[in-house]
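# Tertiary structure, described
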Amino acid sequence: MLGVLAVVAMAGLTEELTERRAGVELAVRQTRRIEEAHQTAQSAQEVAQSAQATAERALFAVTVSAPIPQPLGPPDDVALLPTPTPFVGRADDLAWVEERLRAPEAGGAYALTALRGLGGIGKSALAGVAVRQVQQEGRFPDGIAVVPCQR
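The structure presented is a predicted model; accordingly, all values stated were derived computationally and were not measured. (Residues numbered from 1 in each chain as written. Predicted model: local features only at pLDDT ≥ 70, side-chain atom pairs only at ≥ 80, totals over all residues. Heavy atoms only, no water.)

## As for the overall build of the protein chain
Scanning the protein chain from terminus to terminus reveals 3 helices and 0 strands. Shown N-terminal to C-terminal, the secondary structure of the protein chain runs as helices and strands in the order α-α-α. The buried share of the protein chain, reckoned over its 151 residues, is 13%. By sequence separation, contacts in the protein chain at least 24 residues apart represent 77% of the contacts at least 6 residues apart. (Helix = DSSP H or I, 4+ residues; strand = E, 2+ residues; numbered from the N terminus. Buried < 20%, exposed > 50% of the residue type's maximum accessible area, 1.4 Å probe, protein only. Contact = heavy atoms within 4.5 Å.)

## Structural notes on the pattern of salt bridges
Evaluation of the coordinates by the stated rule reveals 5 salt bridges. A salt bridge links Arg-90 to Asp-93, with the shortest nitrogen-to-oxygen separation between them at 3.3 Å. Via salt bridges that share partners, Glu-98, Arg-102, Glu-137 and Arg-139 belong to a single interconnected network. (Salt bridge = Lys/Arg side-chain N within 4 Å of Asp/Glu carboxyl O.)

## Remarks on unusual backbone geometry
A cis amide bond links Thr-85 to the next residue, Pro-86, at an omega of -10 degrees. Turning to its location among the elements, Pro-86 is positioned in the loop between helix H1 (2–64) and helix H2 (91–102).

## A closer look at the side chain of Glu-98
Of note, Glu-98 is situated in helix H2. If we skip the residues at most four places from it in the chain, Glu-98 touches Ala-130, Gln-133 and Val-134.

## A short note on the nonpolar core
In globular proteins that are soluble, nonpolar side chains generally tend to be buried together. Residues Leu-101, Val-131 and Ile-144 are the most contacted members of the largest nonpolar core, which totals 14 residues. Among the secondary structure elements, those contributing two or more residues to this core are H2 and helix H3 (123–136). Excluding residues within four positions of it along the chain, Ile-144 makes contact with Pro-75, Asp-76, Asp-77, Val-78, Val-131 and Gln-135. (Core = buried A, V, L, I, M, F, W, Y, C linked by side-chain atoms within 4.5 Å.)

## Examining the layout of surface pockets
If you add up the space inside the largest pocket, you get close to 900 Å³. As for the largest pocket, its lining consists of 27 residues, and the residues nearest its centre are Leu-81, Thr-113, Ala-127, Val-146 and Val-147. Among the elements of the structure, H2 and H3 are those that each provide at least two residues to the lining of the largest pocket. In terms of residue class, the lining of the largest pocket is built from 19 nonpolar, 6 polar and 2 charged. (1 Å grid on protein atoms, 1.4 Å probe; cavity = no way out; pocket = protein on both sides within 12 Å on 5 of 7 lines; lining within 4 Å. Points joined across faces, edges and corners; volume = space filled by probe spheres on them. Nonpolar A, V, L, I, M, F, W, Y, C, P; charged D, E, K, R; others polar.)

## Here we look at H3
Taking 1.5 Å per residue, 14 residues should reach 20 Å; H3 reaches 20 Å between its end C-alpha atoms and fits that length. All of the buried residues in H3 are Ala-125, Leu-126, Ala-127, Gly-128, Val-129, Ala-130, Val-131 and Val-134. Looking at the packing, one finds that the buried side of H3 touches H2. Gly-138 sits one or two positions beyond H3 and adopts a positive phi of about 95 degrees. (Expected span 1.5 Å × (residues − 1).)

Rendered as structure tokens:
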């Protein structure tokens, strides 16, 4: 009988050890999950802090930056073009440029014209004379923009 009691006691002890071992494994798994959740929360907090810092910098830039300049009126870049005196010998070229500036296909509302050629042959002078002549006709009341293209 003593042997049977010893076996039962051993079985009870083994069962208790198994339960303890299972409890320890469960506790270890729960601890890992808690640690993972903590790391995730830390990462989320870092992202939130970074986003807040970015938003604060953007707000500061918007509130501190200079006011947006308002247009002063229509462009009047004709002064960028030279006024040659006298302007002679380029009547055909002048007529060609003026025809494009008058833009009959666009109803005279706008014109885009480009001149190209070797440096020093008088492209800017030709443009200056042509623009001033069509401006005197009352064209382009909204202004004239000149874009110098230099290398």
